[in-house]
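# Structural overview
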Amino acid sequence: TLFRSDSMKRMRKFLMTILAASTILMTGCGNTSVLEEYSFGYTQLKSGNSEVYLMSPMEMGKSQNNDGTVLYGANDSHWWMAAESRPASEITVQQWAEKPISLLEQTHYSDLQTKVSETTVLDRPATEVRCTFNLNVQGHAVQMVGQSLFFEDNGQIWDITYLYNPADPVGKEVIDHVFGQIK
């Protein structure tokens, strides 16, 4: 019985060592990439006659206001994404692109820097607005980056907005991966 007891202890120790080694190999020592951490895919966005597909790190939720405005959104502790649609008869791409800047200027953000540039989305003219600003979080200034794309599709104007903290490598990598991935 003494032989069996020592043999069982060695076997148990051997199996525990293999289990620990395989766990370390499978986890990659904690260096998972965002491609492994998130389930990237395209979310269907519909409003009026417009139907576009937006790449997102997770499924986006949808709500619709009484005025017909359609909202989609998803977020976690590293990033935030939102999509909003309004009828083109109510607002132009350019008018809507100016609104986030004026709203930010009226709030409690500091050090607002904006850059507006023309681009294309779905092979159509679009406006990109990039803002950096400091957000007061519990008495500390946290730098944030907001990137928005404004474009028209089949009678709807879309605002796709991405927000992250540039000091957070996960948030930056996620948004870099999905930004502008619209079809």
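A few points on the structure. (Residues numbered from 1 in each chain as written. Predicted model: local features only at pLDDT ≥ 70, side-chain atom pairs only at ≥ 80, totals over all residues. Heavy atoms only, no water.)

### Re the environment of Glu152
Our working definition: Put simply, DSSP marks the helices as runs of H or I at least four residues long and the strands as runs of E at least two long, and each gets a number from the N terminus on. For this analysis, residues touch if any pair of their heavy atoms sits within 4.5 Å.
Structurally, the position occupied by Glu152 is in strand β8 (residues 140-153). For the pair Glu152 and Thr92, spaced 60 residues apart in sequence, the C-alpha to C-alpha distance is 8.3 Å. Look past the residues within four positions of Glu152 in its chain and what remains in contact with it is Ala88, Val93, Arg124 and Ile157.

### Quick notes on the nonpolar core
In plain terms, the rule: Here the nonpolar core consists of buried residues drawn from Ala, Val, Leu, Ile, Met, Phe, Trp, Tyr and Cys, with membership extended through side-chain atoms lying within 4.5 Å. The buried label goes to any residue with under 20% of its type's maximum accessible area, the exposed label to any with over 50%, and the partly exposed label to all in between, with areas taken from a 1.4 Å probe on protein chains only.
Formed by 27 residues in total, the largest nonpolar core has its most connected members in Ile160 and Ile182. Taken together, the elements giving at least two residues each to this core come down to β2 (50-56), β4 (70-75), β5 (79-87), β8, β9 (156-164) and α4 (169-178). In terms of residue count, β9 provides more of this core than any other element does, 4 residues in total. One finds Val93, Trp96, Phe150 and Ile157 within the second-largest nonpolar core, a separate group that totals 10 residues.

### A word on the packing of aromatic side chains
Aromatic ring pairs are described here by two measures, namely the spacing of the ring centres and the angle between the planes. Definition in use: Here a pair means two rings of Phe, Tyr or Trp (six-membered ring of Trp) with centres within 6.5 Å. Their orientation is stacked below 30 degrees between planes, edge-to-face above 60, and tilted elsewhere. The rule for a charge over a ring is simple: NZ of Lys or CZ of Arg within 6 Å of the ring centre, and within 35 degrees of the ring normal.
Applying the stated rule across the entire model yields 5 aromatic pairs. The rings of Tyr38, Phe40 and Trp79 are connected pair by pair, giving a single aromatic cluster. We note Lys183 situated over the ring of Tyr42; from NZ or CZ to the ring centre the distance is 4.2 Å.

### Focus on the pairing of β9
Inclusion rule: Strands are labelled as partners when DSSP assigns at least two bridges between them.
With 8 of 9 residues buried, β9 is to be regarded as a mostly interior element. Judged from the 9 bridges that link them, β5 and β9 form a sheet pairing that is antiparallel. What sits directly across from Trp80, in β9, is Leu163. Sheet topology places β8 next to β9; 9 bridges connect them, and they run antiparallel. Paired with Glu152 across the bridge in β9 is Ile157. Linking β8 to β9, which pair antiparallel, is a turn of 2 residues; within it Asn154 sits at a positive phi near 45 degrees.

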